[in-house]
Structures are given as structure tokens and as C-alpha cells.
Amino acid sequence: MSFLSHLECSRCRQTHEADRVQNLCTCGGPLLVRYDLKKAAAALRPADLAGRVSSLWRYRELLPVRSPDNIVTLGEGMTPLFRLPRLGEALGLRELWLKDEGLNPTASFKARGAATGVSRAKELGITSIAMPTNGNAGGAWASYAARAGMSVTLVMPTDAPAMSVLEATAVGARAYMVKGQITDAGAIVARSAKAHGWFEAATLKEPYRIEGKKTMGYELAEQLGWTLPDVILYPTGGGVGLIGIYKALLEMRELGWLPEGVRFPRLVAVQAEGCQPIVKAFREGRDTSEKWENASTVAQGIRVPKALGDFLVLQAVRETKGTCVAVADADTLWGLTQVSRLEGAFICPEGAALVGAVRSLLKDGWLTPDERVVLLNTGAGIKYPDILKSELPVLELNATL
Ligand SMILES: *Cc1c(COP(=O)(O)O)cnc(C)c1O
Ligand SMILES: [Zn+2]
């Protein structure tokens, strides 16, 4: 079923055994999952996917779960990809698309990583998980873990979106709130996980979350008839989605699933002005980022002061001739009203930051009007009940309308 072969360190390239519990490499680098792609290419062709389950498990040969009995699913993936004609016209882009990850279980794309991460944890016999989270990852991992009968301990910043805290605790997670950033929460988890024997599932500290997120890349290609867009914009916190999409592009090329000589999309990492460590590193020509002090933004899912996989994000961006852009909160909120009012899609603030980024990239001339551009909206606006609240007119009903 799965062509899983081994794990490979993204930093020192050392090989690690896949069928035992693993976190980071001895060198501290995140581990990437490798498959026998030659065998996979011989066994599976794109046409074989037609008629399969409409979830990310349609790519099961290229996912890390060996036995179907261990798959923990709520129907994640295969989210809609649709045009944004009115917003495109307003911005001056002929072909603007949105992939709406808000339609996933738990209303964010974190469901993808949680589905593969929890499934593989179950397969390896793990029964308790701990992780730091800004909100959506906690809600997603808690939900999938509940379904797998695992216990979950979360450590979250006190200002994490209330809906995610409610979601995570409703499905049975223990959530501890700390004053500080996700990096502070992460340090607490790292210490206590060891003491309690919990499996640490922080971003990129376990190898399988990225496998779920990479399926966004497979789906984009499949949904576009095995062609690729010119540009993909992604709201970048830890960067797993962007690293995953790049991994999917490389895998699909090796599988021979893409047109001969096709150019990869330019990948754009979008961050918030109030937390832009990767944008800064990109501008300064560095390979890694420095911790961003006093991080603050309305787009809390991308409030990550220092990402473990920053060097992988920078690599993916540079190798695809992409770029990194920071967006002010005011432009993010503007983007949110534009997508909502012109297209009827109430997206999350992280996704809305991409609209501000498109506007500035068009202004710079980095994007041109005839390019095919995909926005990855990572979550649903309804998870943020306070967003835009102050701006929205609520009309009082008098005697007549
Ligand atoms: C987590 C999250 C992100 C950032 O994802 P990374 O993989 O950490 O880059 C973006 N948007 C939303 C809604 C999120 O929950
Ligand atoms: Zn290593």
C-alpha cells in the first residue's frame, strides 16, 4: 500500500529507520519521509486516482501509513479549488484561484497534518502526544487523537483564538495556557514531554505532519489537470505547508506525473509585518532566520517568531525563484473584506494576508496580470468570531425595513 522507505535528515542527509518512533536527527535537523518512488511510479499512474476516495488518502501509496487499519480520518483533503473572477478583476489579475482549506474537518488545513501524524503515531504504538500550538494545530491534533483514543496535552499562548481552545478541550485535550509566544510554549512542551513520556509532536519535530500537508501540492496538480500554476502564495508560520508543497512537486516530477520540462510554480512565503523573520532572512540573503522579538499580528496562525524549518522554506522559495513578502495587519483586514464581499468566501486572516501580498507584488511588477496565481486559504473565517467585528454594520430593525 505505502511505498514508505526511510527517513532522511533535511540537514545532514543521514538516513534513519522509519518503523520506529523518531523526532529530530542527532544533528537537530527535521527528518523528511522518503519513498521508493521508482516502484511507486511503476505501480501507480495519475489516471488510477480517478474514482478513489475524495480525501488526501487517495494518494495513500505516497503517504507514510503502512496498514489501512491505522488510518485515522475525518474526510480531510480534496478541498475545493475555484476561480476568484471578481477579486481578480479588481486586483488586475486574469487568473486568480483560491484553494479553500477552511472546508477541512476542524476548519483548517491543520487537519491534513494531524490526520497523517496521528495515523502514523497510532501505527507506531504511541498513546499520548504533547505539542505547542497557536490554535488550529491543537484543535486538529486533539480531534484526530480523540478518534484514535490517544491523550493530548497542549500548551498555547493565552491569546490563542478562543474557538480553537474550545474545540481542543471539547474533544478531550488538556490545554495549558501560557503568557508568551508559541516558541515559549514549545520550550515548556520539550521539557515536560520528556518527563511524562509524551510523544512530542511540535511542528517538524515529528516527521509525518508534513506528509499530510504535501498533499495540497498533489491536489493542486490533479485539480488543474496535471498542469501547474505560475505562482502559489502561502501564509507562512512554521512553513510546513510550503515545504510540503515543494516536496510534492519534487516527488511528482520524479514520478513522471508532470509534463516534461514543466516549470515549477514560484512559491511565495507570506508573513505578517509584525512577525516576519523569514522575510527578513530572505532579503538579507541568509539561509536561516533569527528569532523575531515581540511578534504580534491579527493572523495568529503565522505568528511564529522562529521556525525550525526556516532553512527549508528559504530553500523552497529560492529554488523555485519565488519570494517572501510581509503584509501589514491593515492590509490583511482589507484583503479579508475584499474576498468576502467580492467572492462570498469568508476566509481566515492568514489567508487574507495573501490578498495584500498579491496587491503589492502586482504593484512591484513581480507578478504580471496574465499569470495563473493560487492563494492557499488555510482556514475558515468562522473560527475567528471577533475578526472584523468592529467594522461590520449591524442594522437595527425598526418598524419596517
Ligand atoms: C498554522 C497555520 C498557518 C501556518 O502554517 P505553517 O505550516 O506553520 O506555516 C497558516 N494559517 C493558518 C490558519 C494556520 O492555522
Ligand atoms: Zn542530521
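Look above for the structure.
Fair warning: this is a prediction, and the values are worked out from it, not measured in the lab.

### Quick look at the packing of helix α4 (residues 136-148) against helix α5 (residues 162-170)
1) Next: Two numbers describe how α4 lies on α5: the axes approach to 8 Å, and their chain directions differ by 15 degrees. On the basis of their axis angle, the class for α4 and α5 is roughly parallel. Every pair of crossing elements has a handedness; the one defined by α4 and α5 is left-handed. Across the interface between the two elements, N136, G138, G139, A142 and S143 of α4 pack against S164, E167 and A168 of α5.
2) Next: Of the residues belonging to the contact of α4 with α5, the class tally is two nonpolar, five polar and one charged.

### Digging into the site of ligand 1
1) Next: Around ligand 1 sit 18 residues in total, of which K110, G237, G238, G239 and T378 are the nearest.
2) Next: Taking K110, its side chain carries an N or O atom lying 2.9 Å from an oxygen atom of ligand 1.
3) Next: Compared with its free state, where it exposes 380 Å², ligand 1 has 95% of that area covered by protein.
4) Next: Here ligand 1 is seated within the largest pocket.

### Section: the pairing of strand β7 (residues 151-157)
1) Next: A large share of β7 lies buried, amounting to six of its seven residues.
2) Next: For strand β6 (residues 128-132) and β7, the ladder comprises five bridges, and the chain directions are parallel. Residue M131 lies in a different strand from β7, and its bridge partner there is L154.
3) Next: Relative to strand β8 (residues 174-178), β7 is paired through five bridges, and the arrangement is parallel. Directly across from P157, in β8, lies its bridge partner V178.

### Focus: the coordination of the zinc ion (ligand 2)
1) Next: With distances of 2.3 Å, the protein atoms coordinating the zinc ion (ligand 2) are C9 (SG), C12 (SG), C25 (SG) and C27 (SG).
2) Next: Here the zinc ion (ligand 2) is ringed by four donor atoms whose angles at the metal span 101 to 117 degrees, and the overall shape comes out tetrahedral.
3) Next: Of note, the zinc ion (ligand 2) draws all its donor residues from one chain, in the sequence arrangement C-x2-C-x12-C-x1-C. Of the two residues, C12 is situated in the loop between β1 (4-9) and β2 (15-16) and C27 in the loop between β2 and β3 (31-35); the sequence distance between them amounts to 15 residues.
4) Next: Its relative accessible area of 38% is what places C12 among the partly exposed residues.

### With respect to the packing of aromatic side chains
How two aromatic rings sit relative to each other is given by the distance of their centres and the angle of their planes.
1) Next: Under the criterion given, the structure shown has five aromatic pairs.
2) Next: When the centroid spacing of 6.0 Å and the interplanar angle of 80 degrees are considered together, the rings of Y218 and W257 count as edge-to-face. Pair noted here: Y218 is in helix α7 (residues 209-223) and W257 is in the loop between α8 (240-255) and β11 (266-272), with a separation of 39 residues, a long-range link.
3) Next: For W257, a relative accessible area of 6% translates into the label buried.
4) Next: Each ring, one from W226 and one from W257, has its centre 5.5 Å from the other, and the planes form 80 degrees; the classification is edge-to-face. Of the two residues, W226 sits in the loop between α7 and β10 (231-235) while W257 sits in the loop between α8 and β11, which places them 31 residues apart along the sequence.

### Some thoughts on the sheet that holds β1
1) Next: Reading across from one edge, β2-β1-β3 is the order of the three strands in this open sheet, with antiparallel pairing throughout. Two strands bound the open sheet, and with one partner strand each, they are β2 and β3.
2) Next: For β1 and β2, the ladder comprises two bridges, and the chain directions are antiparallel. Counted as the bridge partner of L7 is H16 from β2.

### Quick word on the layout of surface pockets
1) Next: Looking at the largest pocket, its volume works out to about 660 Å³.
2) Next: In this structure, the largest pocket is lined by 43 residues; those nearest its centre are P132, I182, T203, G238 and V304.
3) Next: Secondary structure elements with two or more residues in the lining of the largest pocket: β6, α4, α6 (182-196), α7, β10 and α8.
4) Next: At four residues, the largest contribution of residues to the lining of the largest pocket is made by α6.

### A few points about the pattern of salt bridges
Any two side chains of opposite charge can pair, so long as their charged atoms come close to each other.
1) Next: By the definition in use, this model includes 28 salt bridges.
2) Next: The salt bridge involving R66 is made with D19; its shortest N-O contact spans 2.8 Å. With R66 in the loop between α1 (37-43) and β4 (81-83) and D19 in the loop between β2 and β3, this residue pair connects regions lying 47 residues apart in the sequence.

### A closer look at the pairing of β1
1) Next: Bridge count for β1 against β3 is five bridges, and the pairing is antiparallel. The residue of β3 that forms the bridge with L7 is V33.
2) Next: Linkage of β1 to β2, two consecutive antiparallel strands, is achieved through a turn of five residues, within which R13 is found at a positive phi near 70 degrees.

The rules behind the values
Residues numbered from 1 in each chain as written. Chains lettered and ligands numbered in written order. Predicted model: local features only at pLDDT ≥ 70, side-chain atom pairs only at ≥ 80, totals over all residues. Heavy atoms only, no water. Axes fitted to C-alpha atoms, helices over the stretch in contact; angles between N-to-C directions. Helix = DSSP H or I, 4+ residues; strand = E, 2+ residues; numbered from the N terminus. Parallel < 35°, antiparallel > 145°, perpendicular 65-115°, else oblique. Left-handed = near helix turned anticlockwise from the far one by under 90°. Contact = heavy atoms within 4.5 Å. Nonpolar A, V, L, I, M, F, W, Y, C, P; charged D, E, K, R; others polar. Near = heavy atom within 4 Å. Polar contact = N/O pair within 3.5 Å; in protein donor to acceptor, adjacent residues only side chain to side chain. Areas by Shrake-Rupley, 256 points an atom, 1.4 Å probe, with all protein chains shown as cover. 1 Å grid on protein atoms, 1.4 Å probe; cavity = no way out; pocket = protein on both sides within 12 Å on 5 of 7 lines; lining within 4 Å. Sits in = over half its atoms within 2 Å of the grid points. Buried < 20%, exposed > 50% of the residue type's maximum accessible area, 1.4 Å probe, protein only. Pairing = 2+ DSSP bridges. Donors = N, O, S within 2.8 Å, 3.2 Å for Na, K, Ca; no water. Tetrahedral: all angles 85-135°; square planar, octahedral: opposite > 155°, others 65-115°. Phe/Tyr/Trp six-rings, centres within 6.5 Å; stacked < 30°, edge-to-face > 60°. Points joined across faces, edges and corners; volume = space filled by probe spheres on them. Salt bridge = Lys/Arg side-chain N within 4 Å of Asp/Glu carboxyl O.

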